[in-house]
Amino acid sequence: MLKDSFGRVATDLRVSLTDKCNLRCTYCMPPEGLDWLPNAQLLTADEIVRLVTIGVERLGITEVRYTGGEPLLRRELVDIVARTVALRPKPQVSLTTNGIGLAKLAGALAEAGLDRVNVSLDTLDRETFKRLAHRDRFEDVVAGLEAADRAGLRPVKVNAVLMRGINDHEAVPLLRFCLERGYELRFIEQMPLDAQHGWNRADMVTADEILTLLQAEVDLCADDLEERGSAPAERFLVDGGPARVGVIGSVTRPFCGACDRVRLTADGQIRNCLFAREESDLKAALRAGAGDDELAERWIAAVRGKRAGHGIDDPSFLQPSRPMSAIGG
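Residues numbered from 1 in each chain as written. Predicted model: local features only at pLDDT ≥ 70, side-chain atom pairs only at ≥ 80, totals over all residues. Heavy atoms only, no water.

Can you break down the packing of helix α1 (residues 45–59) against helix α2 (residues 77–85) residue by residue, with the values?
For any two helices packed against each other, one specifies the inter-axial angle together with the distance between the axes. Between α1 and α2, whose axes approach to 10 Å, the crossing angle comes to 25°. Judged by the angle between their axes, α1 and α2 are roughly parallel. Along this stretch, α1 crosses α2, giving a crossing that reads as right-handed. Where α1 abuts α2, its residues Ala45, Asp46, Ile48, Val49 and Val52 lie against Ile80, Arg83 and Thr84. Class assignment for the residues of the contact of α1 with α2 results in five nonpolar, one polar and two charged. (Axes fitted to C-alpha atoms, helices over the stretch in contact; angles between N-to-C directions. Helix = DSSP H or I, 4+ residues; strand = E, 2+ residues; numbered from the N terminus. Parallel < 35°, antiparallel > 145°, perpendicular 65-115°, else oblique. Left-handed = near helix turned anticlockwise from the far one by under 90°. Contact = heavy atoms within 4.5 Å. Nonpolar A, V, L, I, M, F, W, Y, C, P; charged D, E, K, R; others polar.)

Report on the packing of aromatic side chains, specifying residues and quantitative values.
Any two aromatic rings considered together are summarised by their centre-to-centre distance and by the angle between their planes. By the definition in use, this model includes two aromatic pairs. Ring centres of Phe129 and Phe138 lie 6.0 Å apart, and the angle between their planes is 65°; on these two criteria the pair is classed as edge-to-face. Residue Phe129 is classed as buried on the basis of its relative accessible area, which comes to 6%. (Phe/Tyr/Trp six-rings, centres within 6.5 Å; stacked < 30°, edge-to-face > 60°. Buried < 20%, exposed > 50% of the residue type's maximum accessible area, 1.4 Å probe, protein only.)

An account of unusual backbone geometry is needed here, citing residue identities and associated values.
In this chain, Gly68 is followed by Gly69 through a cis amide linkage whose omega measures 20°. The residue Gly69 is located in the loop between β2 (63–67) and α2 in this model. Residue Pro242 is reached from Gly241 by a cis peptide bond, and omega for that bond is 10°. As for its placement among the helices and strands, Pro242 is situated in the loop between β8 (234–238) and β9 (244–248). Phi is positive for His134, close to 60°, though the residue is something other than glycine. Along the chain, the position of His134 falls in the loop between α4 (126–133) and α5 (138–150). Residue Asp239 is not a glycine yet carries a positive backbone phi of 50°.

So what's going on with the pattern of salt bridges? Residues and values would help.
Pairing between side chains of opposite charge can happen when their charged atoms approach one another. Within this structure, the stated rule accounts for 26 salt bridges. The residue Arg8 makes a salt bridge to Asp4 at a minimum N-O spacing of 2.7 Å. Close ionic contact of Arg65 with Glu63 constitutes a salt bridge, the shortest N to O distance being 4.0 Å. In this pair, the class of Arg65 matches that of Glu63, namely buried. (Salt bridge = Lys/Arg side-chain N within 4 Å of Asp/Glu carboxyl O.)

Report on the environment of Arg186, specifying residues and quantitative values.
Structurally, Arg186 is set in strand β6 (residues 184–188). Measuring from C-alpha to C-alpha, the distance between Arg186 and Ser120 comes to 9.5 Å, with 66 residues separating the pair along the chain. Not counting residues within four places of it along the chain, the set of residues in contact with Arg186 comprises Lys157, Val158, Asn159, Ala160, Ala233, Arg235, Val245, Gly246 and Ile248. Looking at Arg186, its side chain comes within polar contact range of the side chain of Glu184, at 3.1 Å. (Polar contact = N/O pair within 3.5 Å; in protein donor to acceptor, adjacent residues only side chain to side chain.)

Got a sec to walk through the environment of Leu72? Specific residues and values, please.
Here Leu72 lies in the loop between β2 and α2. Between the C-alpha atom of Leu72 and that of Phe177, which follows or precedes it by 105 residues, the distance is 24 Å.

So what's going on with the sheet that holds strand β1 (residues 12–16)? Which residues, and what values?
The sheet built from twelve strands is open, its strands ordered β7-β8-β9-β6-β5-β4-β3-β2-β1-β10-β11-β12 with mixed pairing. Looking at strand neighbours, the two that pair on one side only are β7 (220–222) and β12 (280–281), the edges of this open sheet. Bridge analysis of β7 against β8 gives three bridges, and the strand direction is antiparallel. Looking across to β8, one finds that Leu220 is bridged to Val238. (Pairing = 2+ DSSP bridges.)

So, in structure tokens, the structure goes:
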């Protein structure tokens with residue numbers, strides 16, 4: 001097992017397929033973009049599948065989430081998904097995406113065995129979308145959501161980040177949009193993972209504020225029938241249910257004590273936390289000819305050193321040097 005010194009067991013693997021993205025969301029990167037990793041530094045499709053196989057067959061990984069950057073930009077995505085689905089025991093396989101290009105790939109991904117998708121959508125206003133993402137691609141994201149739903153990649157989950165004075169007035173409209181279409185909405189607190197290191201806690205719309213915005217127009221009650229466990233979202237029944245909305249308070253309501261996640265970056269580094277400042281290199285050992293046993297032992301050792309929490313409230317907290325696009329969400 002991938003067990004840390006606090007007794008937590010990692011069963012949820014987030015795998016970044018690329019650091020590249022076709023949007024420039026302000027809470028992630030500057031308008032001009034970033035210096036992308038050279039292709040030679042990225043794990044190949046075979047290397048990704050080999051490490052995922054070790055995780056699933058030897059180390060107890062039960063869920064694999066492919067992320068980026070933007071994973072739809074990875075040419076071998078459908079093949080990687082199909083090979084992951086073929087593993088035994090079969091893990092749950094999902095995808096986090098900005099939705100651009102999903103309209104074209106949703107059917108192929110469903111046929112490959114993908115279970116579901118999480119799609120980022122922070123606004124329903126095209127001009128606000130352009131302001132946030134520096135790209136005029138709102139309609140593409142909406143089309144991607146519709147295609148995912150048609151392809152059966154359900155539940156289709158929508159991730160939204162509210163920013164003060166920009167889209168915080170859209171909390172209820174976003175919820176209505178998702179309820180009308182059968183999508184599951186998750187509001188996520190803005191985290192200190194931007195490349196510009198411009199995150200300011202005072203500017204962040206907190207989980208409590210999000211709930212207050214929603215409760216002004218809908219009735220919310222905690223979903224007591226569902227065991228939260230290690231799930232990052234607190235889920236609430238909307239107007240008595242059965243529809244639900246989730247709030248992920250990564251900063252103000254941390255769930256580190258139950259965390260079961262471990263991350264593999266696009267260049268083959270193991271990270272125990274989004275906010276970790278240290279990594280463990282599996283790629284170098286893999287390319288030096290290490291066997292599966294050695295790679296598994298290196299992975300186990302990496303997870304053993306996981307810290308108790310992300311420490312954002314600690315005065316000594318330092319934002320990770322890598323932005324979200326390079327870590328993988």
